[in-house]
Amino acid sequence: MIKFAQIFETMKRFSLILFSLVFTLSSFAKEGMWIPSLIKNLVESDMQSMGMKLSAEDLYSFNKSSLKDAIVHFNGGCTAEMISDKGLLLTNHHCGYSLIQSHSSLENDYLTNGFWAKTKEQELKNPNLFARFIVRIDDVTESVLKGVTDAMPEAKRQAIVDSNIKVIGKAAIEGSHYNYIIRPFYYGNQYYMFITETFNDVRLVGAPPSSIGKFGFDTDNWVWPRHTGDFSMFRIYADKDNQPAEISNDNVPYRPKYALPINLNGTQPGDFTMIYGFPGRTSEYLTSYAVDYTINKQNPNRIKMRDISLDIMGHAMAGSDKIRIQYAAKQSRVSNAWKKWIGQNKGLIANDAINSKLALEKRFVANADNSITSYGLKYTKILDKYKALYSELEPFAFSWDMFIEIYYYGPEIIRFPMNMEKLNPEKLKDGDLEKMKETLRISAERYFKNYDLETDKKLLSAMLKQYFSVLDENMRADVYVTIQNDFGGNYEDYAASVFKKSNFTTLEKVNAFLDNYKGTKSFKKIQKDPAYQLTMSLYNNYQSKVRPDLVRLNNDLNLLNRTYMEGLQNLLPKDKKYYPDANSTLRISYGIVDGYKPKDGVVYSPFTTTEGIMAKRDTTKEFTVPERLATLITDKDYGQYADKDGTMHVCFIASNHTTGGNSGSPALNGNGELIGLNFDRTWESTMSDIMFDPTICRNIMVDIRYVLFIVDKYANAGHLVEEMNLVK
Ligand code: ASP
């Protein structure tokens, strides 16, 4: 009895310590994604007080090499970083996934087995892949807004802004090989210019098998505790003068201005961390009306569309190895956001997001007086205007959301015929026909490599049916009437007929069609093709019934958003430091290594170890552990990569504010050394795109020591580790 009481006491004390640790640390969680050139004035001292040993100048400088020179925008959607002075680049497995997939076949199944170039000659070239660095960031607000007045209509304002942007950008890069990006911040209250340098010869160096790089697959995606080795490696090549060059055998490994040192000491709870990268998109300042739309209309409907396509692809992939490879990247593309939206909705509902936005709006109005703002709108009236606008906007916004799902994420038979539009005699110059036919043959070959007709047919009937069932009657395309009248509303019959009659369903048919294609007369045949007609019906419907109102209402919304954003900063300055929403530009977020309490009675610790890999191991595809990895783990053969206590850490979480696009971002310690690779957020955190809750929002990183352990011990690619600068 005494023993039990003692154990109970100890447990109680232990959990109290754990709880207080979680909660005291949580107060250090930091919302915000900061523009690197503004760190000095805004958050440098805060970062230093939390453990950063560097100055803002070390993070971002135009005059000397700084951390920013190691940060790469990877193909425009992910982040990557330089980890050797020979151009070696580290990013996520899921960021390199479609490239790994493109080199994979049944004979060379790199998705399943991994890929490691033993020599530079074996590194694989990737047409259409680019790596972009940021050279400089400038505030160009004044010059972008030159000539703009409050009284002018939004469209006119935008036209002036666009034309100013062209002039400013062109002048900034004149005489250089650089490019520029100018983006609005704070809904157009400010503008920043990013001077960029882009490399187009980026080769695949290594990737672990999916059973490591994607361990846990969809089941574990967006989930903590996590055990995924989500990394892959590439190398940037440049010409002999270290300048960007198109893909060529003459190119040599790029020598970056800065490569990140790699720290092998691991982290402790409470340690400072920062994430340097290109967060894609957040909407932190949405009003309650927009959040209501997201929770109750947009998310449930797009989730439903993807439920359908994932079910169909999943069955097809499970039944055939060929389709599994063909559809791997497509399935991931659909499932990633699908699962995020499910988590986002759970989080927003559990945290009463609509009411908390309403409360903020109430305080906003209470603090406003009747004075006119600089944009000619009264703060006191904005929320009423939002309300009216959203009720008008919703049907158009919803049509657009559903159009994205059917057209861009739906059956490919809907997108493919758009290529044939390139043969339209009205757009094609005389003499270009043969060249265009050849281009189309090449793209068709690439397309059909990853295409399964039966799967796409099922996608067409099921998704189209769902799409039309949720659209307002007056928003439906003509093809809906055809399906009702000619097929009695039977979508399977309709899909079967499209696939039977269309010329665009197999490579052989497309090639035969192109061989016989003679110009204007043949284009009429394209116009009669049922797949082309379907494409055009959906596309033209969007263009005529949705887009004009959407553009008009979005113009009105821009003005409201800009004013509301300005108003928040003016009326509620003490609420928080207002950082700009993510917009795929370079940012830094910071926080600490920290667990959290996802729900009552559960506390998560911030680390996972290889023990968890073995505990999750089973024979399903999702949790297969390669035999070689299992042996290394059982033998505890971790080399220099083990933690002080002898365990091998796999992943860790921290309170950095991140989003999609931060995938592949370096996690850095207070000295700016690489300690991990950001790849995900916890499910409870996915709402952070709309509302960041410091007590539960956590980003997930793979420990850099696990990455190197896999490279060195598992893949025997120690020659890559030798290129790196390791700090112990
Ligand atoms: N895993 C995420 C993504 O793919 C990264 C994130 O959103 O945190 O977008």
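Above: the structure in question.
Per chain, residue numbering runs from 1 following the sequence as it is written. A pLDDT threshold of at least 70 governs which residues receive local features in this predicted model, and a stricter bar of 80 or more applies before side-chain atom pairs are shown or counted, although totals over entire chains, interfaces and linings include all residues. The basis for every side-chain value is the complete set of heavy atoms in the structure, and neither hydrogens nor water enter the calculation.

Draft legend 1. Looking closely at the environment of Asn265. Secondary structure follows DSSP: runs of H or I at least 4 residues long count as helices, runs of E at least 2 residues long count as strands, and numbering of each begins at the N terminus. On the secondary structure map, Asn265 appears in the loop between strand E11 (262-263) and strand E12 (272-277). Three labels apply to residues, based on accessible area from a 1.4 Å probe with only protein chains included: buried if under 20% of the type maximum, exposed if over 50%, partly exposed otherwise in between. Residue Asn265 is classed as partly exposed on the basis of its relative accessible area of 34%. On a C-alpha basis, the gap between Asn265 and Lys644 in space is 8.0 Å, while along the polypeptide they are 379 residues apart. Discounting chain neighbours no more than four positions away, the residues touching Asn265 are Asp643, Lys644, Arg705 and Lys728. Only heavy atoms matter for contacts: two residues are in contact if any of them lie within 4.5 Å across the pair.

Draft legend 2. How the structure looks around the state of the cysteines. Two cysteine sulfurs form a disulfide in these notes if their separation is within 2.5 Å. If you walk through the whole model with that rule in mind, you get one disulfide. Two residues share a disulfide in this structure: Cys78 and Cys95, whose sulfurs sit 2.2 Å from each other. The sign of the -80 degrees torsion about the S-S bond sets the Cys78-Cys95 disulfide as left-handed. Here Cys78, found in strand E2 (residues 78-82), pairs with Cys95, found in helix H5 (residues 93-102); they are 17 residues apart in sequence, far enough to count as distant. Across this residue pair, the class does not change: Cys78 and Cys95 are buried. Unpaired in this structure, Cys697 has its nearest cysteine sulfur neighbour in Cys651, at a distance of 18 Å. On the basis of relative accessible area, Cys697 is assigned to the buried category, the value being 1%.

Draft legend 3. Examining the pairing of strand E17 (residues 649-654) more closely. Burial analysis of E17 places six of its six residues in the buried class, the great majority of the element. Where strand E16 (residues 607-609) meets E17, two bridges bridge the pair, whose relative direction is antiparallel. Paired with Thr609 across the two strands is His649, which belongs to E17. Strand pairing is assigned whenever DSSP detects at least two bridges linking the two strands. Where E17 lies against strand E20 (residues 699-703), four bridges are found, and the strand directions are antiparallel. Its bridge partner lying in E20, Cys651 is registered against Val702.

Draft legend 4. Layout of the pattern of salt bridges. Think of a salt bridge as a Lys or Arg side-chain nitrogen and an Asp or Glu carboxyl oxygen that are within 4 Å of each other. Across all of its chains, the model carries 33 salt bridges by this definition. Between Lys457 and Glu454 there is a salt bridge, with the nearest N and O atoms lying 3.5 Å from each other. Of this pair, Lys457 and Glu454 both sit in helix H18 (residues 453-470), separated by three residues, roughly a single helical turn. The partly exposed category is assigned to Lys457, whose relative accessible area is 23%. A salt bridge links Arg705 to Asp703, with the nearest nitrogen and oxygen atoms 2.8 Å apart.

Draft legend 5. Broad picture of the side chain of Glu361. Topologically, Glu361 is positioned in helix H13 (residues 353-367). The charged-residue count follows a simple rule in which Lys and Arg add positive charge and Asp and Glu add negative charge, with His and chain termini not counted at all. Of the side chains bearing the opposite charge, Lys357 lies closest to the buried Glu361, which forms no salt bridge; the N-O distance is 6.9 Å.

Draft legend 6. Representation of the site of the ligand within the structure. The ligand sits among His94, Trp222, Asn336, Thr659, Gly660, Ser663, Phe679, Asp680 and Arg681. Under the rule applied, a polar contact is a pair of N or O atoms within 3.5 Å (in protein, one hydrogen donor and one hydrogen acceptor; residues adjacent in sequence only if both atoms are side-chain atoms). Interatomic distance of 2.9 Å between a side-chain N/O atom of Asn336 and an oxygen atom of the ligand. Within the backbone of Gly660, a nitrogen or oxygen atom sits 3.0 Å from an oxygen atom of the ligand. In short, Shrake-Rupley with a 1.4 Å probe defines the accessible areas, and a residue's cover is counted only from the protein chains shown. Coverage of the ligand by the protein amounts to 91% of the 270 Å² it exposes when considered alone. By residue number, the principal contributor to the shell around the ligand is strand E19 (residues 674-681), which donates three residues. Residues are counted as near a molecule or strand when any one of their heavy atoms sits within 4 Å of it.

Draft legend 7. Inspection of the environment of Ile39 at higher detail. By the secondary structure assignment, Ile39 is in helix H2 (residues 39-42). What Ile39 contacts, discounting residues up to four positions off in sequence, is Trp34, Glu44, Met47, Ala56, Leu59 and Ile588.

Draft legend 8. Representation of the nonpolar core. By nonpolar core we mean a set of buried residues, namely Ala, Val, Leu, Ile, Met, Phe, Trp, Tyr and Cys, connected to one another through side-chain atoms within 4.5 Å. By size, the foremost hydrophobic cluster in this structure holds 201 residues, and its most contacted members are Met233, Met274 and Leu464. Looking at which element gives the most residues to this core, the answer is helix H23 (residues 530-571), with 15 residues. Among residues more than four places away in sequence, those in contact with Leu464 are Ile406, Leu459, Ile483, Tyr491, Tyr494, Leu534 and Leu538. Counting residues in each nonpolar core, the second largest holds 14 residues, with Val135, Val140, Val161 and Met193 among its members.

Draft legend 9. View of the pairing of strand E6 (residues 179-185). Taken together, the seven bridges between E6 and strand E7 (residues 190-199) define a ladder with antiparallel strand orientation. Paired with Asn179 across the strands is Thr196, a residue of E7. Here E6 folds back onto E7 in antiparallel fashion, the turn holding four residues, of which Tyr186 has a positive phi close to 50 degrees.

Draft legend 10. Representation of helix H25 (residues 627-634). Of the positions making up H25, those classed as buried are Leu629, Ala630, Leu632 and Ile633. End-on view of H25: buried residues confined to an arc of 160 degrees, all on one side of the axis. Away from the buried face of H25 by more than 90 degrees, exposed residues Glu627 and Thr634 are located. Downstream of H25 by a residue or two, Lys636 has a phi angle that is positive, lying close to 50 degrees. Here the arc refers to the set of directions running from the helix axis out to each C-beta atom.

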